[in-house]
Structure formats: C-alpha cells, structure tokens
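Residue-level listing of the chains:
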Amino acid sequence: MAFFEPIGACVLALACMAPAQPAESTFQLTSHDTRGRIGTVSLTCGPTGGSHPSRGNACGKLSEVDGKFDRLRPEPRACTLEYSPVDVSAVGKWRGEPVTFRTSYANRCVADAESAGVFTF
C-alpha cells in the first residue's frame, strides 16, 4: 500500500498543474430589418460550431476582441447611404462570462461591415 502513495501524490500534483481549459463560448445571434426579415443563428467558439454560415471567421473576429462585440474591427467595404435599419443582438457567454449586445446599423451592408462579418447571415 505504501508503494502507491507516492504515485498517487504525483498523479494528483500533475492534475493540479494541468492548464485550465477556457469555458465554451456560445451565442444566439439575431438580426431584424425594416423589411420584416428576421435571421437567427447559433455560434459556438472553442470548439467552433453552430449554424452560423461563417462560424470560423466569426469566432476568429470575436477572439481578436476577447468576445466584446462593441470592439469588433470594421471591414473596409463600400456601402450605399440607403437608410434601412437593421437591429442585431447577441446573447450568450464568452468563456463562461455572460454577454448581451444590441445595436442598430443603417442598413444590411453597414451591419455586415461594422460587425466584421459576425452578423452576416
């Protein structure tokens, strides 16, 4: 019995030294425009998944800003000055921390560009 005690202590010590895995990040993303179109997708990061059509890109962009939607870096894109508001929201968790984000964009093109493609669905 005494033989296994050092081995057990070693195993426990190694388990304590293992790096903690970040909590999964999951979101429900929604968009609604003035034409009555409503879109909803799921997005999971770490591991990447969900119904978002560009989930790898969206997770990459969110990783760059530590899950802070209001800090997404706009993509350069020429958009018309048409005013056709698009309301978007994100509800979920980023690495275990609750996230709620809501904003409006002037039109679909602006929403796609300003959100770095995260709300392109």
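Analysis parameters
Residues numbered from 1 in each chain as written. Predicted model: local features only at pLDDT ≥ 70, side-chain atom pairs only at ≥ 80, totals over all residues. Heavy atoms only, no water. UniProt positions renumbered as here; feature names shortened; annotations may be inferred. Pairing = 2+ DSSP bridges. Helix = DSSP H or I, 4+ residues; strand = E, 2+ residues; numbered from the N terminus. Contact = heavy atoms within 4.5 Å. Phe/Tyr/Trp six-rings, centres within 6.5 Å; stacked < 30°, edge-to-face > 60°. Buried < 20%, exposed > 50% of the residue type's maximum accessible area, 1.4 Å probe, protein only. Disulfide = S-S within 2.5 Å. Core = buried A, V, L, I, M, F, W, Y, C linked by side-chain atoms within 4.5 Å. pLDDT = per-residue confidence, 0-100.

An unreviewed UniProt entry lists the chain under the name Conserved putative secreted protein, from Amycolatopsis japonica. Of the comments in the UniProt record for the chain, the one headed Subcellular location (unreviewed entry) reads "Secreted".

A. Fine view of the pairing of strand S5 (residues 97-105). Relative to S5, strand S4 (residues 86-94) runs antiparallel, the two sharing nine bridges. Its bridge partner being in S5, lysine 93 is matched across the sheet by proline 98. Taking the residues between adjacent antiparallel strands as the criterion, S4 and S5 are bridged by two residues, where arginine 95 takes a positive phi near 50°.

B. Structural detail: the side chain of threonine 44. Position of threonine 44 among the secondary structure elements: in strand S2 (residues 38-45). Apart from residues no more than four positions distant in its own chain, threonine 44 is found in contact with Glu24, Ser25, Thr26, Gly49, Gly50 and Cys59.

C. Summary view of the packing of aromatic side chains. What the rule picks out here adds up to six aromatic pairs. Judged by centre distance (5.4 Å) and plane angle (20°), the ring pair of phenylalanine 69 and phenylalanine 101 falls under stacked. A residue pair is termed long-range when its members are at least 10 positions apart, and phenylalanine 69 in the loop between helix H2 (55-64) and S4 and phenylalanine 101 in strand S5 qualify at 32 residues. A relative accessible area of 13% places phenylalanine 101 in the buried class. An angle of 45° between the planes, with centres 6.4 Å apart, marks the rings of phenylalanine 119 and phenylalanine 121 as tilted. Connected via pairs of aromatic rings, a cluster forms that spans Phe27, Phe69, Trp94, Phe101, Phe119 and Phe121.

D. Here's a closer look at the pairing of S4. With eight bridges connecting them, strand S1 (residues 25-33) and S4 associate as antiparallel partners. From the neighbouring strand, threonine 26 faces S4, where its bridge partner is lysine 93.

E. Fine view of the state of the cysteines. In this structure the tally under the stated criterion is two disulfides. One disulfide in the model links cysteine 45 with cysteine 59; its S-S distance is 2.0 Å. Disulfide cysteine 45-cysteine 59: the torsion about the S-S bond is -85°, which places it as left-handed. Taken together, the positions of cysteine 45 in strand S2 and cysteine 59 in helix H2 put the pair 14 residues apart, joining distant regions of the chain. With respect to class, cysteine 45 is no different from cysteine 59; both count as buried. Residue pairing for cysteine 79: its cysteine sulfur links by disulfide to cysteine 109, the two sulfurs lying 2.0 Å apart.

F. Molecular detail of the nonpolar core. Core analysis: the biggest nonpolar cluster contains 22 residues, and Phe27, Leu29, Leu43, Leu62, Phe69, Val118 and Phe119 have the highest contact counts within it. Elements supplying a minimum of two residues to this core: S1, S2, H2, S4, S5 and helix H3 (108-114). With four residues, the top contributor of residues to this core is S4. With residues up to four places along the chain from it excluded, the contact list for phenylalanine 69 reads Phe27, Leu29, Leu62, Ala90, Val99, Phe101, Val118 and Phe119.

G. Representation of the confidence of the model for the chain in the model. Residues at a pLDDT of 70 or more form 81% of the chain, whose mean pLDDT is 88. Low pLDDT (under 50) marks residues 10-15, which in the prediction has zero contacts with non-local residues, meaning those over four places away or in another chain.

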